[in-house]
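Report on the structure
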Amino acid sequence: MHKSALLAAVLALLLALPVAAQTPSIANRDGRHALIVDGAPFLMLGAQANNSSNYAAALPKVWPVLDAMHANTLEMPIAWEQIEPQEGRFDFSFVDTLLEQARAHDKRLVLLWFATWKNGSPSYAPAWVKTNDTRFPRMRTKEGKPHYALSPLGQNTLAADKRAFVKLIEHLKAADPDDTVIMVQVENETGSYGTPRDYSPEGNRLFAGPVPAELVKALGKQPGTWRAVFGDIAEQAFNSWYTARYVDAIAAAGKAVKPLPMYTNASLSDPFVEPKPTGVQSGGPNWNVIPIWKAGAPHLDLVAPDIYNRDARAFVKYLDHYARPDNALMVPELGNSADYARFFWPALGKGAIGFAPFGMDATGYNNYPLGTKTLDDDTIAAFGRAYALFAPIARVWAKIAYDHPTWGVAKGKDGADQSTVMGGWKITAQFDQWQMGERDWTWIEKDPTPTTGKPVGGAVVAQLSPDTFIVAGSDVRLRFGPATPDDRAMIIRAEQGHYDAQGRWVFERVWNGDQTDYGLNFTTTPVMLRVTMGRFK
């Protein structure tokens, strides 16, 4: 056989062999991030079920809501008490049912490990843990009284939690070779309210001693006591370090079995003011202690914000806190009322790898005032319209966002214009505009727009080249113009279209005339445009 023919035959044989699955991971490059699933970037269009929907009987009321909102990923709690009700005896029947049904519904999964902490509480720990304060100690208050939260200094608690988590990941490794599960959240909203740290004798001894050398080095600080190094947030910093070390030990043990992406989430304080120690869930990865968590939990791929704040300025500030070169942005939990849907756009604009409103099932529970009063069709559609646009191109968009600059915007409380500059072009988002006309038109009578005074509207822009942009949005007007005055600048072409599964742009029609004379006007149903800017000579 000729050498070239032999090589061709060998290559054909190799291509015919089954390809080993590539475990999901987080990719990082030039300050941007991507969730890699099946070897390629993936945008998680998520939905989190209610806390008590983690039983087989509830699942029929979960999947229809995800289908209606065009979600591709379900975030579902897995409770420690659920898989290890008796010490040393494990039950993964719900995990197996969840995996089977997720595959049948073509959904990926993010498992939420509710164990030592769930909103700071041990409520999801097994009874044999949460009723035994001697073996599994709670934090102590300044007065020496038991606090509600388990102590991050409890070595027995850590050992038991870690053992159960490893058993879960071992089961996943065997039962989920195709990676239906793409991420795991380790614990849920760690830390404690009311008491900033453990005042037990061991806690007091450690707090009086020096800050661990590895933390001092990581933060570039001078050695000293916790109070000397961290000042007013010393107790929060202390609890954050030891909580991070606890969570990292669990994550490290799980990743040694199957290296899935792992993260933990934060209950948040005011994004504009550093919190007082008793005004924050002390110990969790709140925005002001992210560097401590980065040093203390290197086996976590990211820390993530749970955002329950309807004010656009505050929401975007939270995104800014967590969108860092060393931290992929993911919003694993946010309110599920319709006014939160507009925040999908700035999350995408800041490179989010995932987005998931909370409480997206039909089990009848609603967490108003944090979320919606009623999860009706209109509320689901508020999220679903944008998801529907991106669901067919979840991989395409994730790659675009990984490779190119992006910007996103949501309507603020005042509805004011918002602008950015991308290369040589200024992009301005305007709200509460009809598709034709200008605000300063006085020669014709106009009614207020249907969106006037309503918290709706937003857009995302990706810059593919110096003069080419991909744009999507709803209830917004976008204006493109030169970053510096230039009468020769213009929109050369604005194409409405979509991407196919291979990432090729598919042309549908050109916007021109009325459709571009007053900016690019997006209605309630989002569409995607490819905009080319230029200048005449």
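- Within an unreviewed UniProt entry, the label attached to the chain reads Beta-galactosidase GanA, and the organism entered is Hephaestia caeni.

Re helix H4 (residues 93–104)
- With 12 residues, H4 ought to run about 16 Å at 1.5 Å a step, and its terminal C-alpha atoms sit 17 Å apart, in line with that.
- Within the sequence span of H4, burial applies to Phe94, Val95, Leu98, Leu99 and Ala102. The buried residues of H4 all sit within an arc of 135° when viewed along its axis, so they share a single face. Set apart from the buried face of H4 by more than 90 degrees, the exposed residues are Glu100 and Ala104.
- Residues of H4 that are buried in the fold lie against helix H2 (63–68), strand S5 (73–79), helix H3 (80–83), strand S6 (108–118), helix H6 (155–175) and strand S9 (181–188).

Details of the sheet that holds strand S10 (residues 262–267)
- On the basis of which strands lie adjacent, the closed barrel formed by eight strands has the order S4-S5-S6-S9-S10-S11-S12-S13 and parallel pairing. Ignoring strand direction, the axes of neighbouring strands in this sheet form an average angle of 30°.
- Pairing of S6 with S9, which is carried by six bridges, proceeds in the parallel orientation. Bridging across to S9, Lys118 finds its partner in Asn188.
- Packing against the sheet, H4 makes contact with S5, S6 and S9, and its axis sits at approximately 175° to S5.
- The sheet contacts of helix H12 (residues 312–322) involve S10, strand S11 (302–307) and strand S12 (330–334), and relative to S11 the element is tilted by about 170°.

Considerations on the packing of helix H7 (residues 201–208) against helix H10 (residues 234–257)
- The interhelical angle for the contact between H7 and H10, taken along N-to-C directions, is 110°, at an axis separation of 11 Å. Relative to H10, the element H7 is oriented roughly perpendicular. Crossing of H7 over H10 shows right-handed handedness. Residues Gly203, Leu206 and Phe207 of H7 form the contact with H10, whose participating residues are Ala234, Glu235, Phe238 and Tyr242.
- Considering only residue class, the contact of H7 with H10 consists of five nonpolar, one polar and one charged.

Brief notes about the domain arrangement of the chain
- Under the domain assignment used here, the chain contains domain 1 (43–391) and domain 2 (410–535).
- Here the C-alpha centroids of domain 1 and domain 2 sit 36 Å apart.
- At the boundary of domain 1 with domain 2, total buried surface from both sides reaches about 1,100 Å², with 73% on carbon and sulfur atoms.
- At the junction of domain 1 and domain 2, the tally comes to one salt bridge.
- The partner of Lys413 in a salt bridge is Asp311, with the nearest N and O atoms 3.8 Å apart.

What about the pattern of salt bridges?
- Summed over all chains, the structure comprises 28 salt bridges.
- We note a salt bridge from Asp301 to Lys255, for which the minimum N-O separation is 2.6 Å. With Asp301 in the loop between helix H11 (290–296) and S11 and Lys255 in helix H10, this residue pair connects regions lying 46 residues apart in the sequence.
- Among the ionic pairs, Asp326 bridges to Arg324, the shortest N-O distance being 2.8 Å.
- A relative accessible area of 40% places Asp326 in the partly exposed class.

Overview of the UniProt feature "domain: DUF5597" (unreviewed entry) in the chain
- Taking the UniProt record as the reference, the feature "domain: DUF5597" (unreviewed entry) is found at residues 383–522.
- Regarding residues 383–522, the helix share stands at 16% and the strand share at 42%, and the terminal C-alpha atoms are separated by 16 Å.

Details of the packing of H6 against H10
- Where H6 contacts H10, the axes come no closer than 9 Å and their chain directions differ by 30°. Judged on the interaxial angle alone, H10 and H6 are roughly parallel. For the crossing formed where H6 meets H10, the hand is right-handed. Note on element contacts: H10 touches H6 through Tyr246, Ala249, Ile250, Ala253, Gly254 and Val257, opposite Thr157, Leu158, Asp161, Lys162, Phe165, Val166, Ile169, Glu170 and Lys173.
- Here the residues of the contact of H6 with H10 sort into nine nonpolar, two polar and four charged.

As for the pairing of strand S14 (residues 406–410)
- For S14, the buried fraction is high: five of the five residues fall into the buried class.
- Across the two faces of S14 the burial is the same, with Thr406, Gly408 and Ala410 and Trp407 and Val409 all buried.
- Here S14 pairs with strand S17 (residues 458–465) via five bridges, running antiparallel. The partner of Gly408 across the bridge, within S17, is Val460.

The rules behind these values
Residues numbered from 1 in each chain as written. Predicted model: local features only at pLDDT ≥ 70, side-chain atom pairs only at ≥ 80, totals over all residues. Heavy atoms only, no water. Helix = DSSP H or I, 4+ residues; strand = E, 2+ residues; numbered from the N terminus. Expected span 1.5 Å × (residues − 1). Buried < 20%, exposed > 50% of the residue type's maximum accessible area, 1.4 Å probe, protein only. Arc of directions from axis to C-beta. Contact = heavy atoms within 4.5 Å. Pairing = 2+ DSSP bridges. Axes fitted to C-alpha atoms, helices over the stretch in contact; angles between N-to-C directions. Parallel < 35°, antiparallel > 145°, perpendicular 65-115°, else oblique. Left-handed = near helix turned anticlockwise from the far one by under 90°. Nonpolar A, V, L, I, M, F, W, Y, C, P; charged D, E, K, R; others polar. Domains from an automatic or database assignment. Buried area = accessible area lost by both parts, 1.4 Å probe. Salt bridge = Lys/Arg side-chain N within 4 Å of Asp/Glu carboxyl O. UniProt positions renumbered as here; feature names shortened; annotations may be inferred.

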